[in-house]
Amino acid sequence: MEYLLPTLRKKQEVDSIIRDTIDKVLVLRFGRSSDAVCLQLDDILYKSARDVSKFATVALVDIDSDEIQIYLKYFDITLIPSVIFFFNAHHMKMDSGSADHTKWIGTFQRKQDFIDVVEAIYRGAMKGKLIVSCPLPPERVPKFQLLYKDV
């Protein structure tokens, strides 16, 4: 799918898309093009990109690139795929009932789920909020368990 959506492999490319995306939600998918779950998410993102194009921009970030490692540490990306949202260069967070509000981990079950999440983030951002509630029912939010080292 990386040939259908813009794929970022350099820190400068990620910096510039975050900085230059104005009055739209920026959706960055961190993952690998060889991973099956990432490909499933990429398919949903590609199919939805046109529907959300008036209020969102979608891009893929290749985590195997050396220059991108700084973002993996900064956003604590340990599970892929991870989706991070921005609005006017501000990191948008979403309370989805999981322990981590900073990113969406896993794939969306349906195209409409992704559209609903992006629309909720856009509406919240237009009201000046930096964290929004997830519009999806809890059964459609991917579950994962956080493991802490040395606890």
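The present account deals with the structure reproduced in this document. These numbers were taken from a predicted model, which means no experiment stands behind them.

Thoughts on the overall build of the protein
Across its full length, the protein carries four helices and seven strands. Along the chain direction, N to C, the helices and strands of the protein fall in the order β-α-β-α-β-α-β-β-β-α-β. At 14 Å, the protein has a C-alpha radius of gyration in line with the 15 Å of a compact globule built from 151 residues. Judged by the C-alpha coordinates and their principal axes, the protein covers about 35 × 35 × 25 Å.

Quick word on the packing of aromatic side chains
Applying the stated criterion across every chain, the model contains eight aromatic pairs. Taking 6.4 Å as the distance between ring centres and 55° as the angle between the ring planes, the aromatic pair formed by Phe30 and Phe75 counts as tilted. Here the residue Phe30 occupies a position in strand E2 (residues 25-31), and Phe75 occupies one in the loop between helix H3 (69-74) and strand E4 (82-87), the gap between them amounting to 45 residues. Neither residue differs from the other here; Phe30 and Phe75 are each classed as buried. Seen from their ring centres, Tyr71 and Phe75 are 6.1 Å apart, and the 10° between their planes marks the pair as stacked. Both residues of the pair, Tyr71 and Phe75, belong to the buried class. These aromatic residues form a ring-pair network of at least three members: Phe30, Tyr71, Tyr74, Phe75 and Phe86.

Re the pattern of salt bridges
Under the criterion given, the structure shown has nine salt bridges. The shortest N-O distance in the salt bridge between Lys11 and Asp15 comes to 2.7 Å. Placement of the pair is Lys11 and Asp15 together in helix H1 (residues 11-20), with a separation of four residues, close to one helical turn. The class for Lys11 is partly exposed, based on a relative accessible area of 31%. Classification of Asp15 as partly exposed rests on a relative accessible area of 25%.

Quick notes on the nonpolar core
Membership of the largest hydrophobic core comes to 28 residues, with the highest contact counts inside it found for Val25, Val27, Phe85, Trp104, Phe114, Val117 and Val118. Contributions of two or more residues to this core are made by E2, helix H2 (36-49), strand E3 (56-62), E4, strand E5 (90-95) and helix H4 (111-126). At six residues, H4 tops the list of elements feeding residues into this core. Every residue in contact with Phe114, bar those within four places of it in the chain, is listed here: Val27, Ile44, Leu45, Ser48, Val52, Val58 and Phe108. Among the nonpolar cores identified, the runner-up in size contains 17 residues, and Ile17, Phe30, Leu72 and Ile84 belong to it.

Thoughts on unusual backbone geometry
The omega angle of the peptide bond from Ile80 to Pro81 is -5°, so this bond is cis rather than trans. Along the chain, Pro81 turns up in the loop between H3 and E4. Unlike most non-glycine residues, Ala89 shows phi in positive territory, near 65°. Secondary-structure assignment places Ala89 in the loop between E4 and E5.

Basis of the calculations
- Residues numbered from 1 in each chain as written.
- Predicted model: local features only at pLDDT ≥ 70, side-chain atom pairs only at ≥ 80, totals over all residues.
- Heavy atoms only, no water.
- Helix = DSSP H or I, 4+ residues; strand = E, 2+ residues; numbered from the N terminus.
- Rg over C-alpha atoms; globule rule 2.2 N^0.38 Å.
- Phe/Tyr/Trp six-rings, centres within 6.5 Å; stacked < 30°, edge-to-face > 60°.
- Buried < 20%, exposed > 50% of the residue type's maximum accessible area, 1.4 Å probe, protein only.
- Salt bridge = Lys/Arg side-chain N within 4 Å of Asp/Glu carboxyl O.
- Core = buried A, V, L, I, M, F, W, Y, C linked by side-chain atoms within 4.5 Å.
- Contact = heavy atoms within 4.5 Å.

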